[in-house]
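Single-letter residue listing:
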Amino acid sequence: QVQLVESGGGLVQAGDSLKVSCAASGLTFSSYVIAWFRQAPGKEREFVARISRSGSTSYADSVKGRFTISRDNAKNTVYLRMNSLKPEDTAVYYCAARLDWNTGNYNYWGQGTQVTVSS
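Throughout what follows, the structure given in this document is the object of discussion. Note that the coordinates shown come from a computational prediction; the quantities given were computed from them, not determined experimentally.

## Quick notes on the overall build of the chain
The helix and strand tally for the chain stands at zero helices and 11 strands. Reading the helices (α) and strands (β) of the chain from amino to carboxyl end gives β-β-β-β-β-β-β-β-β-β-β. Against the compact-globule benchmark of 14 Å for 119 residues, the chain has a radius of gyration of 13 Å, which places it among compact chains. Expressed along its principal axes, the backbone C-alpha trace of the chain runs to roughly 40 × 25 × 25 Å. Looking at the 119 residues of the chain, the share that counts as buried comes to 44%. In the form shown here, the chain has an accessible surface area of approximately 6100 Å², with 43% of it arising from carbon and sulfur atoms. Of the side chains in the chain, 13 bear a positive and 9 a negative charge, and the two mean positions are spaced by 5 Å.

## Some words on the state of the cysteines
If you walk through the whole model with that rule in mind, you get one disulfide. Bridging Cys-22 to Cys-95, the disulfide has an S-S length of 2.1 Å. A torsion of 65° about the S-S bond marks the disulfide between Cys-22 and Cys-95 as right-handed. You can see Cys-22 sitting in strand β3 (residues 18-25) and its partner Cys-95 sitting in strand β9 (residues 91-98), a full 73 residues away along the chain. Taken individually, Cys-22 and Cys-95 each receive the classification buried, so the pair is uniform in this respect.

## So, the pattern of salt bridges
Using the criterion set out here, one finds four salt bridges in the structure. Across the salt bridge formed by Asp-89 and Arg-38, the nearest N and O atoms sit 2.9 Å from each other. Of this pair, Asp-89 sits in the loop between β8 (77-82) and β9 while Arg-38 sits in strand β4 (residues 33-39), and the two are 51 residues apart along the sequence. According to the relative accessible area criterion, Asp-89 is buried, its value standing at 0%. Linking Asp-89 and Arg-66 is a salt bridge whose minimum nitrogen-to-oxygen distance equals 2.8 Å. Residue Asp-89 is located in the loop between β8 and β9, and its partner Arg-66 is located in the loop between β6 (57-59) and β7 (67-72); the two are separated by 23 residues in the primary sequence.

## Quick notes on the packing of aromatic side chains
A full pass over the atoms with the stated rule returns five aromatic pairs. Measuring from centroid to centroid gives 5.2 Å for Phe-37 and Tyr-106, while their planes differ by 80°, and the two rings are edge-to-face. Within this pair, whereas Phe-37 is found in strand β4, its partner Tyr-106 is found in the loop between β9 and β10 (108-109), the two being separated by 69 residues in sequence. Considered together, Phe-37 and Tyr-106 belong to a single accessibility category, that of buried residues. Ring centres of Phe-37 and Trp-109 lie 5.0 Å apart, and the angle between their planes is 50°; this geometry places the pair in the tilted category. Note that Phe-37 is positioned in strand β4 and Trp-109 in strand β10, a separation of 72 residues in sequence. Among the residues examined, Phe-37 registers a relative accessible area of 11% and is labelled buried. The structure contains a cluster of three or more aromatic residues connected by ring pairs, namely Phe-37, Phe-47, Tyr-106 and Trp-109. Taking the ring centre of Trp-109 as reference, the NZ or CZ of Arg-45 above it sits at 3.9 Å. A cation over a ring is seen here: Arg-71 above Phe-29, with NZ or CZ 4.7 Å from the ring centre.

Calculation criteria
Residues numbered from 1 in each chain as written. Predicted model: local features only at pLDDT ≥ 70, side-chain atom pairs only at ≥ 80, totals over all residues. Heavy atoms only, no water. Helix = DSSP H or I, 4+ residues; strand = E, 2+ residues; numbered from the N terminus. Rg over C-alpha atoms; globule rule 2.2 N^0.38 Å. Buried < 20%, exposed > 50% of the residue type's maximum accessible area, 1.4 Å probe, protein only. Areas by Shrake-Rupley, 256 points an atom, 1.4 Å probe, with all protein chains shown as cover. Lys, Arg positive; Asp, Glu negative; His and termini not counted. Charge placed at Lys NZ, Arg CZ, Asp CG, Glu CD. Disulfide = S-S within 2.5 Å. Salt bridge = Lys/Arg side-chain N within 4 Å of Asp/Glu carboxyl O. Phe/Tyr/Trp six-rings, centres within 6.5 Å; stacked < 30°, edge-to-face > 60°. Lys NZ or Arg CZ within 6 Å of the ring centre and 35° of its normal.

Here it is as structure tokens:
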């Protein structure tokens, strides 16, 4: 059974940093593209960042230069380091996994972790 478990969310102030984690089990982790999405209250879920099997990354324009995605295949874990947080970064953050970089649905999703940024 595939599981993605996010952790590390919390309440921080604007300008602070936070690192959230996504621990995976039940899949060949190193074979998967892992992405972070977020959903704020009343808004649709949006893409944040993704990382390929080899470590290539891409980011949404809204977080580029502030967020860094990384992975540790030995620990089956992907991280999202968030710097210079803004109130508009407040959302539930989800990680997701799929096999292909550019195509296909994300087959597996975590339950999410809440990140709240106060002004």
